[in-house]
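Examining the three-dimensional arrangement
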Amino acid sequence: MRRATRIDLPLLLPDVEDVRDACVARLVRLLERQDGVEGAHVVERGNVLEDEPPQADGGGQPDPLGPQLCLHYDPDRITLSQVVALAKAAGVGVTERFAHLVVPFRAIGAEDEGQRLEDALRALGGVSAAVVNFAAQVVRVEYDRRRVDRSAIEARLRDVGARPLTDSVGLEGRSPAATAPPAARPQEVGGSPTKAWYGRNRELAWSLGSGAFLTLGWVAGRSAATPPVLAVALFAAAYFFGARDNIGHFIADLRRGKVRPNIDLLMVVAAAGAAVLGAWLEGALLLFLFSLGHALEHYALGRARHAIAALSELAPQTATVIRNGRESTVPIADVMRGDRVVIKPAERIAVDGAVREGISAVNQAPITGESVPVDKTPGEQVFAGSVNGEGSLVVEVTAAIGDRTLDRVIKLVAEAQTQKARTQRFTDRFERVFVPIVLMADVLLIVLPPLFGLWTLGESLYRAMALLVAASPCALALGTPAAVLSGIAQAARGGVLIKGGAHLEALGGIRVLALDKTGTITVGEPKVTDLRPMAGVDTGTLLAVAAAVEQRSQHPLARAILDAAASAGVTIPVAADVQSVTGRGLRSTIAGVRTEVGRLLMFEERNDAVPTTVRTAVDALEKAGRSTVVVVRGGEWLGVIGIADAPRANVRSTLERLRAAGVHRIVMLTGDNAGVGDAVGRAVGVDDVRAGLLPEDKVTAIKELEREGRVAMVGDGVNDAPALAHATVGIAMGGAGTAAALETADVALMGDDLGQLPFAIGLSRRARSVIRQNLIVSLGVIALLVFATTTGLFGIGQAVAMHEGSTLVVVGNALRLLAYRER
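In this report, we go over the structure that sits alongside the text.

**Side note on the overall build of the chain**
- Within the chain one finds 27 helices and 30 strands.
- Within the chain, the proportion of its 823 residues that are buried is 54%.
- Once local pairs closer than 6 in sequence are excluded, the contacts in the chain between residues at least 24 apart make up 69%.
- Of the roughly 33,600 Å² of accessible surface on the chain, a fraction of 56% belongs to carbon and sulfur atoms.

This is how it looks when you write it as structure tokens:
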């Protein structure tokens, strides 16, 4: 009989966060070939196997919160322990063999240059995938380390004219954030000021050189005393300076035997055609305006890149550490977990840690986007990159460099730049088809009109060259990635992490918003409000037994019970063999006696005889808006505990802002009873409340809501993982406080504040609007110029001026997102 087991995917591939990653597919293929394994596939978060419930033998938890690898095997041929060992060994093998790399680079070229870089990297043996965002100047590479290494990848980038910058983000069998953050600065470092300026502005320098020779050639051409050959020589010099990068890329492609029709090639061919026709002035003007436009575009996009690169500059490079009773300043790389770091007044914090001494207000806006400083007392968390107030703090380091929240954010933002938006994928496909069509149409424009006596050959050639300029999709290639880059940068500055252009676009199309209750709508710090012990049971016993079982749980209700027990001063016994029952409660043994704590549903589902007094107590508390926990020990019903969690102060106003931002329907999803859900729902003003939901029920609710439009789910990133995974956009609360929140959702609100969501949705809607505007401008200008050049209304000069002007317009339009503020 075939059996199955599930193993948490992060245990096998700790550096892989997306189930669509190539390493996951490799692992599945590798295991499917093993003797005794009859099938392998990935189970998304929260899904349940059809043939049997999940097993914890595979090393995962009984209540899976993340993606899992499901293995079907023949127990007659291989044992469960062998299956688990095989999977772990295969995972190690995949992790050791395959790696991911995000490399910031510096390159000069046309807007579609990214495709040329991708082709060059994919042609490198061992590289399985390469995604380039040329506007952001960053590339993500997946490769086989047995066949190629990082140095070879960076060498290939240099071969094709892209200079890798230092501090690449690598995922090579370590924690994703275990490498230094990228300092993706576009400028050169070191050297004399003159050399540094040239290194930063080489493209502009060559363009200005082209303009200078163009001007001299024009003056010489208008002077009767100047021989015509001098004007031609000056125009040729303008050609050289203006087309230097274009020709360099073309020669590099020729050497590799891969000449791809692109915008660079169209411009060079058009300028060469103008020279053949004797229109040296217009050809030189074309190359000058083309190169000058690119220099201005790249300078403008540098603003958006700097907004992201500035993240890596938030944390200091040194820290004051207390060792052997003495304070000493050490490089941040030498600070280890467990060290105690002194944070002086007005100093920027260098580490993630817990306050051990001192009281101060800390400005966390650079990380969480919170506008008001947060008071920090002993036990409170602080984050690297935030700014200390007037007090002095001693912080115990909980995360060394590489594992800090700031490092994770930098790494995820770097990867987000390589995730293309849906519109960008469309424009990429459009360009691949459009450019060859333009070249074929150009040939026909040269041949057919003279053949039928419509135009002279010279006129036909001139209009064909003008058409090459008109049809170059520069603005189309740049409009979407520039908007995505600016949108992600502005979101990060506002304390919202958006993991790619696809999610940026999707967030703006949200019509329905589903919200978890605990920790999202409510404060997330429930308090015990009622103790209803049964006859013969005192409140101390009820609290002590419940607290003993709940000690092993991270649920907010468990923390409320533990706080109440601590306040009451009861002695908490030791519980053993604690087991989670998904969405219902916990089972354990205390002194060998079976003890259960959880919702009444857990007992009703197995048809236990629930005493009337227990049911009455539960009903009364739930009608009063309380969550209830029933405690049973050795078959004896000890009583019922009532717990309440207050709504956040700003939720009602936030929901009103969300409706103003275009969200049509807001629904609260909660595992609590209907009484609690309705009470909270009325208090905050949601449109609908769906209560008593188990994790799988929340998934079903999300699927039902999708019939009304795109759905966003907001939760804490852990307990709501199944629903987050199934929503159009999963949004995690408090990304700065938990790595799980950063890893499970498409969008993370870094501060534990729902009030950031209207800003994120508003920014996304503005980004979608900007992308549409850029598409309209780009396609409209192409259509206008194609008509105007083929009919003779525009010559090459007018075409290139309008062409480059439209490109600068879409870049400038995209950069408006860097100034976005919620109305």
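**Details of the pattern of salt bridges**
- All told, the structure shown has 21 salt bridges when counted by the stated rule.
- Across the salt bridge formed by Asp-339 and Arg-323, the nearest N and O atoms sit 2.7 Å from each other. A residue pair is termed long-range when its members are at least 10 positions apart, and Asp-339 in the loop between strand E10 (326-331) and strand E11 (340-343) and Arg-323 in strand E9 (residues 318-323) qualify at 16 residues.
- Its relative accessible area of 31% is what places Arg-323 among the partly exposed residues.
- Two residues, Glu-708 and Arg-665, come together in a salt bridge whose shortest N-O distance is 3.1 Å. Here the residue Glu-708 occupies a position in the loop between helix H23 (695-705) and strand E28 (711-715), and Arg-665 occupies one in strand E26 (residues 665-669), the gap between them amounting to 43 residues.

**Focus on helix H11 (residues 405-416)**
- Between its first and last C-alpha atoms H11 spans 16 Å; for 12 residues at 1.5 Å apiece the expected length is 16 Å, and the two agree.
- Counting buried positions along H11 gives 12 out of 12 residues, so the element sits mostly inside the fold.
- Every buried residue of H11 is listed here: Thr-405, Leu-406, Asp-407, Arg-408, Val-409, Ile-410, Lys-411, Leu-412, Val-413, Ala-414, Glu-415 and Ala-416.

**Brief notes about the packing of helix H15 (residues 501-508) against helix H26 (residues 756-790)**
- H26 packs onto H15 with a crossing angle of 105° between their chain directions and a minimal axis gap of 7 Å. Judged by the inter-axis angle, H15 sits roughly perpendicular to H26. Of the residues in H26, those touching H15 at Leu-504, Glu-505, Leu-507 and Gly-508 are Ala-760, Ile-761, Ser-764, Arg-765, Ala-767, Arg-768 and Ile-771.
- Looking at the contact of H15 with H26 residue by residue, the classes come out as 6 nonpolar, 2 polar and 3 charged.

**Notes on the packing of aromatic side chains**
- One pass over the structure, following the stated rule, counts 9 aromatic pairs.
- Geometrically, the ring pair formed by Phe-426 and Phe-430 is tilted, given 6.1 Å between the ring centres and 35° between the ring planes. Pair noted here: Phe-426 and Phe-430 are both in helix H12 (residues 422-451), with a separation of 4 residues, about one helical turn.
- Under the relative-accessibility criterion, Phe-426 is labelled partly exposed at 39%.
- Judged by its relative accessible area of 27%, Phe-430 is partly exposed.
- Aromatic ring contacts, followed pair by pair, group Trp-206, Phe-213, Phe-240 and Phe-241 into a single cluster.
- Over the ring of Trp-455 we find Arg-463; its NZ or CZ atom is 4.1 Å from the centre of that ring.

**Topic: the packing of helix H17 (residues 539-550) against helix H18 (residues 556-568)**
- Close contact between H17 and H18 brings their axes to 9 Å; oriented N to C, the two are set at 135°. As judged from the angle between their axes, H17 and H18 are oblique. Considering the relative orientation of H17 and H18, their crossing is left-handed. Contacts from Leu-543, Ala-546, Ala-547 and Glu-550 of H17 reach H18 at Ala-558, Ile-561, Leu-562, Ala-564, Ala-565 and Ala-568.
- Classifying every residue of the contact of H17 with H18 by side-chain character gives 9 nonpolar, no polar and 1 charged.

**Thoughts on the sheet that holds strand E3 (residues 68-73)**
- Ordered by their spatial adjacency, 3 strands build an open sheet running E1-E3-E2, and the pairing between neighbours is antiparallel. At either margin of the open sheet sits one strand with a lone partner, and together these are strand E1 (3-8) and strand E2 (37-43). Direction aside, neighbouring strands of the sheet carry axes that sit 20° apart on average.
- Summarising the sheet, E1 and E3 pair through 6 bridges and their orientation is antiparallel. Note that in E3 the partner of Ala-4 across the bridge is His-72.

The rules behind the values
- For every chain, the first residue of the written sequence is number 1, and numbering continues from 1 onward in sequence order.
- Local features are withheld for residues below a pLDDT of 70 in this predicted model, meaning they are given only at 70 or higher, and side-chain atom pairs are given and counted only at 80 or more; totals for whole chains, interfaces and linings count all residues.
- Side-chain descriptors were evaluated using all non-hydrogen atoms of the structure, hydrogens and water having been removed beforehand.
- Each helix is a run of DSSP H or I of at least 4 residues and each strand a run of E of at least 2, with the numbering of both proceeding from the N terminus.
- Whether a residue is buried, partly exposed or exposed follows from its accessible area with a 1.4 Å probe, protein chains only, as a fraction of its type maximum: under 20%, in between, or over 50%, in that order.
- Here, two residues are considered to be in contact whenever any of their heavy atoms come within 4.5 Å of each other.
- Here, Shrake-Rupley sampling with a 1.4 Å probe gives the accessible areas, and only protein chains in the shown set may cover a residue.
- Throughout this description, the term salt bridge denotes a Lys or Arg side-chain nitrogen within 4 Å of a carboxyl oxygen of Asp or Glu.
- Each residue after the first adds 1.5 Å to the expected span of a helix.
- Inter-axis angles, ranging from 0 to 180 degrees, are taken between N-to-C directions of lines fitted to C-alpha atoms, where helices are fitted over the stretch in contact.
- Angles below 35 degrees are treated as roughly parallel, those above 145 as roughly antiparallel, those between 65 and 115 as roughly perpendicular, and all remaining angles as oblique.
- Under the convention adopted here, Pro, Cys and the residues Ala, Val, Leu, Ile, Met, Phe, Trp and Tyr are nonpolar, Asp, Glu, Lys and Arg are charged, and Gly plus all remaining residues are polar.
- The criterion for an aromatic pair is that two Phe, Tyr or Trp rings (for Trp, the six-membered ring) have centres within 6.5 Å, with stacked assigned to planes under 30 degrees apart, edge-to-face to planes over 60 apart and tilted to the rest.
- A ring is considered to have a charge above it if a Lys NZ or an Arg CZ atom is located within 6 Å of its centre and within 35 degrees of its normal.
- Crossing handedness follows the turn of the near helix against the far one: under a right angle anticlockwise gives a left-handed crossing, and clockwise gives a right-handed one.
- Two strands pair if DSSP finds at least two bridges between them.

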